[in-house]
Amino acid sequence: MLHDLTLAAAYADRVVVLAAGRVRADGPPHDVLTAALLTEVYEHPVDVWHRPGATDDGLPELVVLPVRAASAAAPARVTEETA
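Residues numbered from 1 in each chain as written. Predicted model: local features only at pLDDT ≥ 70, side-chain atom pairs only at ≥ 80, totals over all residues. Heavy atoms only, no water.

(A) Summary view of the environment of Pro66. One can find Pro66 in strand β4 (residues 61–66). Separated by 31 residues in sequence, Pro66 and Ala35 have C-alpha atoms that sit 9.6 Å apart. When neighbours within four sequence positions are excluded, Pro66 is seen to be in contact with His44, Pro45 and Val46. (Helix = DSSP H or I, 4+ residues; strand = E, 2+ residues; numbered from the N terminus. Contact = heavy atoms within 4.5 Å.)

Structure, rendered in structure tokens:
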């Protein structure tokens, strides 16, 4: 069992997504690991990036990342006024 979805997508032929103890999706990673499903299951926005040509089977590599809030996306700048 893997909880790192990017690693699961890279090495698994099949993934199963569970939510509240029930199977929500089951199948090949490229079919199952979608931003819409993962956002719904985790109740937090998720991005799924497709990096072309990165795998031996010709499918794009999936990279699964949580969406960060705009205020947390970049560190605050320190200026003389704020220091």
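(B) Highlighting the pattern of salt bridges. Taken as a whole and judged by the stated rule, the model has 3 salt bridges. In this structure, the salt-bridge partner of Arg14 is Asp26, at a minimum N-O distance of 2.7 Å. Of this pair, Arg14 sits in the loop between α1 (5–11) and β1 (15–19) while Asp26 sits in strand β2 (residues 22–27), and the two are 12 residues apart along the sequence. For Arg14, a relative accessible area of 54% translates into the label exposed. The closest approach of N and O atoms between Glu40 and Arg24, which form a salt bridge, is 2.6 Å. On the criterion of sequence distance, the pair formed by Glu40 in helix α3 (residues 35–42) and Arg24 in strand β2 is long-range, its members being 16 residues apart. For Glu40, a relative accessible area of 47% corresponds to the partly exposed category. (Salt bridge = Lys/Arg side-chain N within 4 Å of Asp/Glu carboxyl O. Buried < 20%, exposed > 50% of the residue type's maximum accessible area, 1.4 Å probe, protein only.)

(C) Representation of the nonpolar core in the model. Grouped together as the largest cluster of nonpolar side chains are 16 residues, with contacts concentrated most on Val17, Val32, Leu33, Leu37, Leu38 and Val64. Counting residues per element, the ones that place at least two in this core are α1, β1, α3, β3 (46–51) and β4. (Core = buried A, V, L, I, M, F, W, Y, C linked by side-chain atoms within 4.5 Å.)

Fair warning: the whole summary comes from geometry, so function is off the table for now.
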